[in-house]
Amino acid sequence: MNGRALAGRLLPVWAVLVALLLGMVPVGLAGVNPAAAYEEILRGALADVYGFATTLVKTTPLLFAGLGIAVALRAGLVNIGAEGQIYMGGLAAAVVGLSVHGLPSVVHVPLALLAAGAAGGVWALVPALLKVGRGVSEVITTLLMNYVAIYLVSFLAGGPLMEPGAPYPYSRPLDAAAQLPVIIPATDAHAGILLALALAGFLHLIFGYTAVGFRVRMAGANPAAAAYAGVRVHATLVAAMVASGALAGLGGASEVMGLKHRLFDAFSPGYGYDAIIVAFLGAGQPLAVVATAFFFGALRSGADTMQRSLGVPVAIVFAIQGLTVLFLAASLALQGRLLRWARGWPQVAATLPAAVATGVTDPERR
Amino acid sequence: MGGVFSERSGVFNIGLEGMMLFGALAAVMGSHYLGGPWMGLLGAMLVGGAIGLLLAYVSVGLGANQIVSGVGINLLALGMTTFVARMVLRPAGVEQVPAFQIVAVPYLARVPLLGPVVFTQTPLVFITLLLAPALALFLFTTPWGLAVRATGELPRAADTAGIHVSLVRYFGVIASGVLAGMGGAFLSLGQLNLFSENMTAGRGFIALAAVIFGKWHPLGALGASFLFGAAEALQLFIQTYNLGIPYQLPTMLPYVLALVVLGGFVGRSVAPAAAGVHYGREDR
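Keep in mind it's a predicted model, so treat the numbers as computed, not measured. (Residues numbered from 1 in each chain as written. Chains lettered and ligands numbered in written order. Predicted model: local features only at pLDDT ≥ 70, side-chain atom pairs only at ≥ 80, totals over all residues.)

1. Structural notes on the overall build of chain A
- Along its length, chain A carries 14 helices and zero strands.
- Going from N to C terminus, chain A has its helices and strands arranged as α-α-α-α-α-α-α-α-α-α-α-α-α-α.
- Counting across all 366 residues of chain A, residues that qualify as buried make up 57%.
- By sequence separation, contacts in chain A at least 24 residues apart represent 78% of the contacts at least 6 residues apart. (Helix = DSSP H or I, 4+ residues; strand = E, 2+ residues; numbered from the N terminus. Buried ≥ 20, exposed ≤ 12 C-beta atoms within 10 Å, placed from the backbone. Contact = placed C-beta atoms within 7 Å.)

2. Let's talk about the overall build of chain B
- Across its full length, chain B holds twelve helices and two strands.
- Element order for chain B, N to C, with α for helix and β for strand: α-α-α-α-β-α-β-α-α-α-α-α-α-α.
- Across the 284 residues of chain B, 54% fall into the buried class.
- Here the analysis covers contacts within chain B between residues at least 6 apart in sequence; of these, 71% occur between residues at least 24 apart.

3. Observations regarding the packing of helix α2 (residues 34-47) of chain A against helix α12 (residues 286-310) of chain A
Residues and elements named next belong to chain A.
- Put simply, α2 and α12 touch, their axes get as near as 7 Å, and they point 120 degrees apart. Comparing their axes, α12 and α2 come out oblique. For the pair α2 and α12, the sense of crossing is right-handed. Of the residues in α12, those in contact with Ala-36, Ala-37, Glu-40, Ile-41, Leu-42, Arg-43, Gly-44, Ala-45 and Leu-46 of α2 are Ala-298, Leu-299, Ser-301, Gly-302, Ala-303, Asp-304, Thr-305, Met-306, Ser-309 and Leu-310.
- Here the contact of α2 with α12 is built from residues that sort into eleven nonpolar, five polar and three charged. (Axes fitted to C-alpha atoms, helices over the stretch in contact; angles between N-to-C directions. Parallel < 35°, antiparallel > 145°, perpendicular 65-115°, else oblique. Left-handed = near helix turned anticlockwise from the far one by under 90°. Nonpolar A, V, L, I, M, F, W, Y, C, P; charged D, E, K, R; others polar.)

4. Points about helix α11 (residues 271-281) of chain A
- Counting buried positions along α11(A) gives eleven out of eleven residues, so the element sits mostly inside the fold.
- Buried within α11(A) we find A:Tyr271, A:Gly272, A:Tyr273, A:Asp274, A:Ala275, A:Ile276, A:Ile277, A:Val278, A:Ala279, A:Phe280 and A:Leu281.

5. Things to note about helix α10 (residues 233-260) of chain A
Residue and element names in this part refer to chain A.
- Compared with the 40 Å implied by 1.5 Å per residue over 28 residues, the 39 Å span of α10 between its first and last C-alpha is a close match.
- Most of α10 sits inside the fold, with 25 of its 28 residues counted as buried.
- One or two positions beyond α10, positive phi appears at His-261, with a value near 60 degrees. (Expected span 1.5 Å × (residues − 1).)

6. A look at the packing of helix α3 (residues 49-74) of chain A against α10(A)
All names here are of chain A.
- Between α3 and α10, the shortest axis-to-axis distance is 7 Å and the interhelical angle comes to 175 degrees. Relative to α10, the element α3 is oriented roughly antiparallel. Facing Val-57, Thr-60, Pro-61, Phe-64, Ala-65, Leu-67, Gly-68, Ile-69, Val-71, Ala-72 and Arg-74 of α3, the residues of α10 in contact are Ala-240, Met-241, Ala-243, Ser-244, Gly-245, Leu-247, Ala-248, Leu-250, Gly-251, Ser-254, Glu-255 and Leu-259.
- Among the residues forming the contact of α3 with α10, the class breakdown is 15 nonpolar, six polar and two charged.

7. Section: the domain arrangement of chain A
All names here are of chain A.
- Once the domains are mapped, chain A shows domain 1 (1-32 + 313-357) and domain 2 (60-311).
- With twelve residues of domain 1 at the interface, the matching set in domain 2 holds 16 residues.
- Counting only elements with at least two residues in the side of domain 1 that touches domain 2, the list comes to α13 (315-343) and α14 (354-358).
- Of the residues forming the side of domain 1 that touches domain 2, the biggest block, four residues, is contributed by α13.
- Its residues assigned to classes, the side of domain 1 that touches domain 2 shows eleven nonpolar, one polar and no charged. (Domains from an automatic or database assignment.)

8. Some thoughts on the nonpolar core
Residue and element names in this part refer to chain A.
- With 194 residues, the main nonpolar core has Leu-91, Ala-93, Ala-112, Ala-240 and Ile-276 as its most contacted residues.
- Here this core takes 16 residues from α10, the largest share from any one element.
- If you count residues domain by domain, this core takes at least three from each of domain 1 (1-32 + 313-357) and domain 2 (60-311).
- Contact partners of Leu-91, with chain neighbours within four places excluded, come to Ala-119, Val-153, Leu-156 and Leu-263. (Core = buried A, V, L, I, M, F, W, Y, C linked by C-beta atoms within 7 Å.)

9. Some words on the interface of chain B and chain A
- Chain B puts 43 residues into the contact, and the matching count from chain A is 47 residues.
- When residues of the side of chain B that touches chain A are traced back to their parent elements, those giving at least two are α4 (66-89), α10 (203-213) and α12 (248-262) of chain B.
- Of the residues assigned to the side of chain B that touches chain A, the class counts are 28 nonpolar, 13 polar and two charged.

10. What about unusual backbone geometry?
- The phi angle at A:His261 is positive, at roughly 60 degrees, despite the residue not being glycine.
- The buried category is assigned to A:His261, around which 22 C-beta atoms lie within 10 Å.

11. With respect to the confidence of the model for chain A
Residues and elements named next belong to chain A.
- Across chain A, the average pLDDT comes to 82, with 88% of residues at 70 or higher.
- By mean pLDDT, α14 is the weakest element of chain A at 42, and helix α4 (residues 82-99) is the strongest at 94.
- Overall, residues 345-366 carries pLDDT values under 50, and its contacts beyond four positions in sequence, including any with other chains, amount to 45 contacts. (pLDDT = per-residue confidence, 0-100.)

12. Quick look at the confidence of the model for chain B
- Put simply, chain B has an average pLDDT of 68, and 51% of its residues get 70 or more.
- Predicted as a complex, the structure gets a pTM of 0.80 and an ipTM equal to 0.73.

13. So, the environment of A:Tyr38
- Secondary-structure assignment places A:Tyr38 in helix α2.
- Sequence separation between A:Tyr38 and A:Gly302 is 264 residues; the distance between their C-alpha atoms is 8.6 Å.

14. As for the environment of A:Gly44
- Mapped onto the fold, A:Gly44 is located in helix α2.
- Beyond its immediate chain neighbours, meaning those up to four positions away, A:Gly44 contacts A:Gly51, A:Ser301, A:Gly302, A:Asp304, A:Thr305 and A:Met306.

This is how it looks when you write it as structure tokens:
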């Protein structure tokens, strides 16, 4: 690798640094020492056990949904519907946790997770079928499905499932056997993160070392060639999308079973949308998604500490994240060009699948 | 309508939400510091356009992923507007600002039944009602409109025909930013007279759905927006009068309908073919 190519690879790192530096400007204008603010974020996110636990809690749903979106990405599909799939997964887990009693935890927890995966999968199945059957862009359909799910949960949490006399729309607590155990004593950190990490490792193996993973990548990168090679393209795409939805659904289940222990109206503050960023910045690689999810989770958790101790609104972290995303997206696009320029070899230099770099499969390229 | 513009030129603008939010804040600040709601509207349009320029540079100029950059814009908007509202507006004691007054259109307002509802509104409502047909005329009868549509359907052909694809897309995204900024101004200065954190509350995404439902046509989007607005009003009505129907039902309905329409079960709705796809001349 020559110097130019190396510079190209390091671009994303620069992008994050520049975004963090730019984020200092408004903090400074607000009359707070930017260095102190970042120190607080770092300290709050990682330095003590509670902060670290909060980081894990915020990382978990992002990781589940990010992995889901990454799977779809591998197949060249953009799943914006993780938010809705999170809601459906949480709903299914809550229904199992509320209605079934007397089971031991080792049966109840997997049962609820299974239901959540199925619900998330079904929620992704509709866009998948519309995509392969009718050619409707999954970007649009998954977005629409989000609202149906959010309102459905809102209706159930405030209606049939609502705890009688509750001041806000939420359900009774789940059966104790359906709750995920806490992994760090006296904190909120729950076993959801372990499951998510295990799934990340599993997906890494699938995509790195198995024929299944390769078929998914082929179907996404070049459907015509994949079909020629004997891959059932449509079935593969549908399966990838359903798996994507199932993973996001598990994210919703882990929120309900591990953190909230009840079904709340509007229980996800947009994790499904943040997860899009997590998956894209991780370039669809499961282990990279672990890193990006953790980075975002830590920023969110540290921001709470910063607000408490310095009075800088948490919102500034959203702005920094937004900047990071813009810079990173731009730098990834630039990186592709730079690498091509460095090697003078346009095809090979694309380090990411084409669909990841430009977002949507180009109908003209087939 | 902002969405129609951008997608017609081939850029899927998921950043509408953030643009509206920026517009809502800019409108309040403009109205307070520059004197009056009209300056606020101007500010909202300028800021919306500037954010459009940013999104266009990242997604069209650099060719970054359109969806990711759009989500980035939304995060940036939520963060910056909340931050500015808390650190600038609140300490300065800026809360309620001069907003648009309701005006009655002479003569028309006296039409029985229809008059008091349709012709007694803030000026922004009339502007919106006039903009939709104007945009439709622009898109479907002028050469520039043709250029926009060609760029969205088949950029390579447009390029061959001598249309500057990137330039048209820049224009499309900036125009959608200006329009989304106006949408934000309507929220903060038309319906209310203040800015509240995350006051758009997903309306930018609903606008995207309205674009689809309106089949990528300005008048269609107007009609769809009306439908979504009616659903929201119906929801408030049901909540207020406690009718025993779950209020989420009417709110959910438009999305289900949009899905049905998209599936081609009731009248086909087809997206511009190249919406969401980056076009680079050197790509093959």
